[in-house]
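# Residue-level structure breakdown
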Amino acid sequence: MKVSPHHLEFFLRETFINIRRNGMMSVAAVSTVLIGLCLLGAMYLATVNLNLWAGQLAQQVEIYVPLQDGLSAQDLQAARQRIEQLPGVESVQFVSRHQEWQELQQQLGRQMDLADFESNPLSDSFDVRVASPEQVPATAALIKQIHGVDKEHVDFGGPLMNKVLALRRVVWLVGGAAVILLGLATLLIVGNTIRLTVLARQREIRLMQLLGATDAFICVPFVLEGVFHGVVGAALAGAVLTASYQALVRWLSASLPFLPLAHAEGLKGLWVLLLFAGVAFGLAGSVISLRRFLAVCEPS
Amino acid sequence: MIEFYDVTVMFGGGPPALESVSLRVAAGEFAFVVGPTGAGKSTLLRLIYRDVLPTRGCVRVLGRDMAQMSPREVPHLRRHIGVVFQDASLLPRKTVWENVAFALQVIGASRATILREVPRALSVVGLSDKAYAYPETLSGGEQQRACIARAIVNHPSIVVADEPTGNLDPATSWDVMQVLRHVNAHGTTVVVATHDREVVDRMRKRVIVLDKGRVARDAEDSDYEGVAASSGVFLEGDLH
């Protein structure tokens, strides 16, 4: 079907006549999209923030790399260079045994008599930060093979690391499942609303079929109507969620300042998601309903 | 133009709506289909515009076998067939002009075509002065004439009318038939299902009598009494 400006004018006029004529039905459709997308958007914001927290927790994990005693300055420098060259390594910080001993004395001096030790029992070490938490175990294994490293005592807090990674996985899985389920529910509601408008106008559709209109021509105003409901519902959901989220962020920032919160990035993604979902739901809901209806109208 | 070869139509498990019907309507012909309620008149008409497919047999319209036609081709066939219903089927929120123009808009006609053809069709049915009236303000006869204007605006080869005078008084029925006769005189094939005795008698056209889904009689230049008597079919008009 070739669409000329004249056709476009007809489609748009029919679409807005439908929307105006089915006023209450349009309000119901936009309301259901609004509710569905508010839930979807809230779940998205929760997922973004949980993911942010899990990511920040993971970023705090370091690999503790103790060095063998009596290393020359050249060996120490060589070990540092080899660690820095490993993939994913972000930073390598040298901590001398004297510095660490002093810090330990300061921290534990009142609880433990360090004078009992004949000499400093600690080793020189590197604190290694890795870009992605998932890379930490593999990087630690590679570090253990480097000359001069006390491989027996390399530590990256394995159990904590595993918990952090598990938390991220759970957040993704639960968030993803919730988004999919809410998406399906919204699709069903939008589809049913469009179906009601189609049923309300079945006489007109039947007439169009008998006059020789193609299915595509019959569908376009209904599909545009569905997309209109989706976009208006998405815009309203975006406005409601943006206002609510900004108020929540203001309140949480004041009462729990240490809590990391997604700001502008989270909201940009939210608008993209809502508009995409609104258009997709409107489009899919109307096409599914119309296909079912037009199939019923085929000759028996 | 319209050919039926041993056509049987069955809906569900009941008796056939049409059984072994064979007939031919030539281009430019005017034919009445008469018979009692449930005789299969509407089913026969629906076969012509492919609203129903034959269970057995073959229906050919404008040289095309209906059963062999793909769903994508059906709208293009229907653009050559104008359909008039008993209840007029005008869209209530559109004016007469808009209702007639709608038939052209839904097949993607240009604005120039609409501006040229709608006044012509309204003039043929004598409704030029009611172009901007809404259906609810029209009489039954005017509504039916508007429906005919919508059916012919696209210059169809065939016009199919199912009980077009069913709700009209005799004088108005005759007006509607005159419009259909005028359409036929310009070369359009017209098939009308009716049980309006007076109309059939006065028109003196071909009459196909259906009874229990079968063709009981098919007579050229006939009248209602003649076919009813010779076929032995008890027609609805006989009740009155």
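Keep in mind that what you see is a predicted model, and the values were worked out from it rather than measured.

## Overview of the packing of aromatic side chains
Residues and elements named next belong to chain B.
- Evaluation of the coordinates by the stated rule reveals five aromatic pairs over all chains.
- Look at Phe-30 and Phe-32: their rings are 5.2 Å apart centre to centre, the planes differ by 55°, and that puts the pair in the tilted class.
- Classification of Phe-32 by relative accessible area gives buried; the value is 0%.
- Taking the centre distance of 6.2 Å and the plane angle of 20° together, the rings of Trp-97 and Tyr-132 count as stacked. With Trp-97 in helix H3 (residues 96–105) and Tyr-132 in the loop between helix H4 (111–124) and helix H5 (140–152), this residue pair connects regions lying 35 residues apart in the sequence.
- A residue is classified by how much of its surface remains accessible, and Trp-97, at 19% relative accessible area, is buried.
- Of the residues examined, Tyr-132 reaches a relative accessible area of 62% and is grouped as exposed.
- Sitting over the face of the ring of Trp-174, Arg-202 holds its NZ or CZ atom 3.8 Å from the ring centroid.

## Remarks on the interface of chain A and chain B
- With 22 residues of chain A at the interface, the matching set in chain B holds 30 residues.
- At the surface where chain A touches chain B, the tally comes to one salt bridge.
- The tally of links between chain A and chain B comes to three residue pairs in polar contact (both at pLDDT 80 or more).
- Those elements that place two or more of their residues in the side of chain A that touches chain B are helix H1 (5–21) and helix H7 (202–210) of chain A.
- Residue classes in the side of chain A that touches chain B are distributed as eight nonpolar, six polar and eight charged.

## What about the confidence of the model for chain B?
- When the pLDDT values of chain B are averaged, the result is 86; 91% of them are 70 or greater.
- Ranking the elements of chain B by mean pLDDT puts helix H8 (residues 224–231) of chain B last, at 60, and strand S8 (residues 189–193) of chain B first, at 95.

## Quick word on the environment of His-153 of chain A
Residues and elements named next belong to chain A.
- With respect to the element layout, His-153 can be found in the loop between helix H5 (136–144) and helix H6 (158–200).
- Between the C-alpha atoms of His-153 and Pro-66, which are 87 residues apart in sequence, the distance is 6.5 Å.
- Contacts of His-153, omitting those with residues within four sequence positions, involve Tyr-64 and Pro-66.
- A polar contact is formed between the side chain of His-153 and the side chain of Asp-150, at a distance of 2.8 Å.

## Comments concerning the confidence of the model for chain A
- Averaged over every residue, the pLDDT of chain A is 80; the share at 70 or more is 89%.
- Summarising per-element confidence for chain A, the mean pLDDT is lowest in H6 of chain A (76) and highest in strand S1 (residues 63–66) of chain A (90).

## A short note on a nonpolar patch on the surface
All names here are of chain A.
- Residues Leu-8, Leu-12, Phe-16 and Leu-224 make up a contiguous nonpolar surface patch of about 340 Å² in total accessible area.
- Among the elements that take part in the nonpolar patch, H1 stands out by supplying three residues, more than any other.
- Considering the arrangement of structural elements, one finds Phe-16 in helix H1.
- Looking at Phe-16, the relative accessible area reads 44%, which means it is partly exposed.

## Brief notes about helix H8 (residues 215–255) of chain A
- Given a rise of 1.5 Å per residue, 41 residues ought to cover 60 Å, and the 58 Å separating the end C-alpha atoms of H8 of chain A matches this to within 8%.
- When the local axis directions of H8 of chain A are compared, the greatest deviation, roughly 30°, occurs at Pro-221 of chain A.

## Some remarks on the pattern of salt bridges
- Scanning the model with the defined rule gives 14 salt bridges over all chains in all.
- Across the pair Glu-62 of chain A and Arg-129 of chain A runs a salt bridge whose closest N-O atoms are separated by 3.3 Å. Of the two residues, Glu-62 of chain A sits in the loop between helix H2 (23–59) and S1 while Arg-129 of chain A sits in strand S3 (residues 125–130), which places them 67 residues apart along the sequence.
- Overall, the relative accessible area of 33% leaves Arg-129 of chain A in the partly exposed class.
- The partner of Arg-202 of chain B in a salt bridge is Glu-198 of chain B, and the shortest N-O contact between them spans 3.9 Å. With a gap of four residues between them, Arg-202 of chain B and Glu-198 of chain B both fall in helix H7 (residues 197–203), about one helical turn apart.
- Judged by relative accessible area, Arg-202 of chain B falls into the partly exposed class, the value being 42%.

Reading the values: the criteria
- Residues numbered from 1 in each chain as written.
- Chains lettered and ligands numbered in written order.
- Predicted model: local features only at pLDDT ≥ 70, side-chain atom pairs only at ≥ 80, totals over all residues.
- Heavy atoms only, no water.
- Phe/Tyr/Trp six-rings, centres within 6.5 Å; stacked < 30°, edge-to-face > 60°.
- Buried < 20%, exposed > 50% of the residue type's maximum accessible area, 1.4 Å probe, protein only.
- Helix = DSSP H or I, 4+ residues; strand = E, 2+ residues; numbered from the N terminus.
- Lys NZ or Arg CZ within 6 Å of the ring centre and 35° of its normal.
- Contact = heavy atoms within 4.5 Å.
- Salt bridge = Lys/Arg side-chain N within 4 Å of Asp/Glu carboxyl O.
- Polar contact = N/O pair within 3.5 Å; in protein donor to acceptor, adjacent residues only side chain to side chain.
- Nonpolar A, V, L, I, M, F, W, Y, C, P; charged D, E, K, R; others polar.
- pLDDT = per-residue confidence, 0-100.
- Patch = residues over 30% accessible without salt bridge, like charges linked within 9 Å, V, L, I, M, F, W, Y side chains within 5 Å.
- Areas by Shrake-Rupley, 256 points an atom, 1.4 Å probe, with all protein chains shown as cover.
- Expected span 1.5 Å × (residues − 1).
- Bend = angle between axes of the 7 residues up to and from the residue.

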